[in-house]
Amino acid sequence: MLNSPFRLSIVFLNYNRLADTRYTLSHLQHLVAHRHDIEIIAIDNASSDGTASFLRTQESERVIVLEMSENTGIAGYNEGFKRARGDYILVLDDDSHPVDGETLDRFIQRFDQQADIGVIACRIEDAQQHIVRTWHLPKEDYAGKSMAFVGCGFAIRRELFAQIGWYPASFFLYQNEMWVAIEVLKAGYTIYYDPTCRVIHRASPVGRSHWRRVYYPTRNTLWLIRHYFPFPMAYYLIVSRLFLGFIRAVQAFEFGWYYRAVKEGLFTPIAAQPLPKELREQLTPFWRQNSIWHQLIGRL
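Scoring rules and cut-offs
Residues numbered from 1 in each chain as written. Predicted model: local features only at pLDDT ≥ 70, side-chain atom pairs only at ≥ 80, totals over all residues. Heavy atoms only, no water. Helix = DSSP H or I, 4+ residues; strand = E, 2+ residues; numbered from the N terminus. Buried < 20%, exposed > 50% of the residue type's maximum accessible area, 1.4 Å probe, protein only. Contact = heavy atoms within 4.5 Å. Areas by Shrake-Rupley, 256 points an atom, 1.4 Å probe, with all protein chains shown as cover. Lys, Arg positive; Asp, Glu negative; His and termini not counted. Charge placed at Lys NZ, Arg CZ, Asp CG, Glu CD. Phe/Tyr/Trp six-rings, centres within 6.5 Å; stacked < 30°, edge-to-face > 60°. Expected span 1.5 Å × (residues − 1). 1 Å grid on protein atoms, 1.4 Å probe; cavity = no way out; pocket = protein on both sides within 12 Å on 5 of 7 lines; lining within 4 Å. Points joined across faces, edges and corners; volume = space filled by probe spheres on them. Domains from an automatic or database assignment. Buried area = accessible area lost by both parts, 1.4 Å probe. Salt bridge = Lys/Arg side-chain N within 4 Å of Asp/Glu carboxyl O. Polar contact = N/O pair within 3.5 Å; in protein donor to acceptor, adjacent residues only side chain to side chain. Nonpolar A, V, L, I, M, F, W, Y, C, P; charged D, E, K, R; others polar. Pairing = 2+ DSSP bridges.

With that settled, consider the overall build of the protein chain. Tallying secondary structure elements over the protein chain gives twelve helices and nine strands in all. Counting only C-alpha atoms and orienting by the principal axes, one finds that the protein chain spans roughly 55 × 45 × 35 Å. With 300 residues in all, the protein chain has 54% of them scored as buried. Looking at the protein chain alone, contacts between residues at least 24 apart form 79% of all its contacts between residues at least 6 apart. With the model as given, the accessible surface of the protein chain reaches about 13800 Å², and the carbon-plus-sulfur share is 54%. Across the protein chain, the mean location of the 33 positive side-chain charges is 6 Å away from that of the 31 negative side-chain charges.

This is the structure:
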């Protein structure tokens, strides 16, 4: 464990969602009001809506505020992770929050008791506290091993996160969680899904541009495939991803961003480090999510 008075650091990134930032920070401050083992780190990614000014008024001994000079995407998170002093880090979005203080205690207890667990994947719920189903998490809502986690609510050992290099800054947005999940598994740790660790994702509509949902998922998924999967297996996934990305581009009418994503996704130099078979088998949900057969034909 780190030589620190904090067991848990809560880190969340803010960008032009002032109302959501106010809500999230207020909720977190309430949860930790009488605790001295948890710190809060809020990073503003060069917002233009007054978010940074608001956060400055909230800075205190246990609320650290970091201001980025420009919008750096997920690289902004990394600045917060580096400043974190807790043994463990809880990662949130500016529009997500843990349901209660018991969730915070469970993170600490689970990590303390099970040294093989590197990441705790949370149960993600909507604003009405209904479970949000996603391919990243187990199909059944039971505690146990998981392939991955959802970025708006997960906890990770700080030393492990530092070891794998935090988020991949070049991704900017989307699929960075999948990269971290794979690196955690490569390091020999377990990703553990705990449905009693509950995080509400209010899913603010602010800033969810159509072009971003075409460009970043397509480009970054191609990078993941080229990096982790051997050929000829990678050929199938690349063709599948190109086709699925094109469908999304048609739906969003964002062909220019799709072309750019394909160009960068295929021709950016990537150092191939194919995963061994046993690790690839753990990534079956990722395979199915990016397979033409499973996404189109398999649904018929």
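Structure shown, so let's carry the discussion forward.
The residue His130 is located in the loop between strand E6 (117-125) and strand E7 (144-145) in this model. Relative accessible area serves as the criterion here: at 49%, His130 is assigned to the partly exposed category. C-alpha of His130 to C-alpha of Ile200: the two residues are 70 residues apart in sequence and 9.0 Å apart in space. Every residue in contact with His130, bar those within four places of it in the chain, is listed here: Ile124 and Glu125.

Let us now look at the packing of aromatic side chains. What the rule picks out here adds up to 23 aromatic pairs. Consider the rings of Phe161 and Trp166, whose centres lie 5.4 Å apart with planes at 65°: the pair is edge-to-face. A residue is classified by how much of its surface remains accessible, and Phe161, at 0% relative accessible area, is buried. Measuring from ring centre to ring centre gives 6.3 Å for Trp211 and Tyr215, while their planes differ by 35°; the resulting arrangement is tilted. Here Trp211 and its partner Tyr215 are both found in helix H7 (residues 210-228), four residues apart, which amounts to about one turn of the helix. Grouping aromatic residues by their ring pairs yields a cluster made of Tyr77, Phe81, Phe161, Trp166 and Tyr167.

Compared with an ideal rise of 1.5 Å per residue, which puts 20 residues at 28 Å, helix H8 (residues 233-252) spans 29 Å between its outermost C-alpha atoms and is within 8% of the ideal. Within the sequence span of H8, burial applies to Ala234, Leu237, Ile238, Ser240, Arg241, Leu242, Leu244, Gly245, Ala249 and Ala252. Each element contacted by the buried residues of H8 is listed here: H7, helix H9 (255-267), helix H11 (284-289) and helix H12 (292-295).

A few words on helix H3 (residues 75-83). Taken together, the buried positions of H3 are occupied by Ala75, Gly76, Tyr77, Asn78, Gly80 and Phe81. On its buried side, H3 packs onto strand E1 (8-14), strand E2 (38-44), strand E3 (63-67), strand E4 (88-93) and helix H5 (158-164).

This brings us to the layout of surface pockets. Roughly 600 Å³ of volume is contained in the second largest pocket. Around the second largest pocket, the lining is made up of 28 residues, and of these Trp135, Leu137, Pro138, Met147 and Pro285 lie nearest the centre. Elements with a contribution of two residues or more to the lining of the second largest pocket: strand E9 (190-201), helix H10 (277-282), H11 and H12. Sort the elements by how many residues they give to the lining of the second largest pocket and H11 lands first, with four residues.

With that settled, consider the domain arrangement of the protein chain. According to the domain assignment, the protein chain contains domain 1 (8-201) and domain 2 (210-298). Centre-to-centre separation of domain 1 and domain 2, based on C-alpha positions: 25 Å. Together, the buried faces of domain 1 and domain 2 total about 1700 Å²; carbon and sulfur atoms form 67% of this surface. Looking only at domain 1, the three residues that lose the most surface to domain 2 are Trp135, Tyr174 and Ile182, adding up to 31% of its buried area. The interface formed by domain 1 and domain 2 includes zero salt bridges. Linking domain 1 with domain 2 are eight residue pairs in polar contact (both at pLDDT 80 or more). Here the side of domain 1 that touches domain 2 is built from residues that sort into ten nonpolar, three polar and three charged.

Attention shifts here to the pairing of E3. On a regular strand, one side chain projects to one face of the sheet and the next to the other, so that they alternate. Most of E3 is tucked away: four of the five residues are buried. Pairing of E2 with E3, which is carried by five bridges, proceeds in the parallel orientation. Along E3, the bridge assignment pairs Ala42 with Val65.

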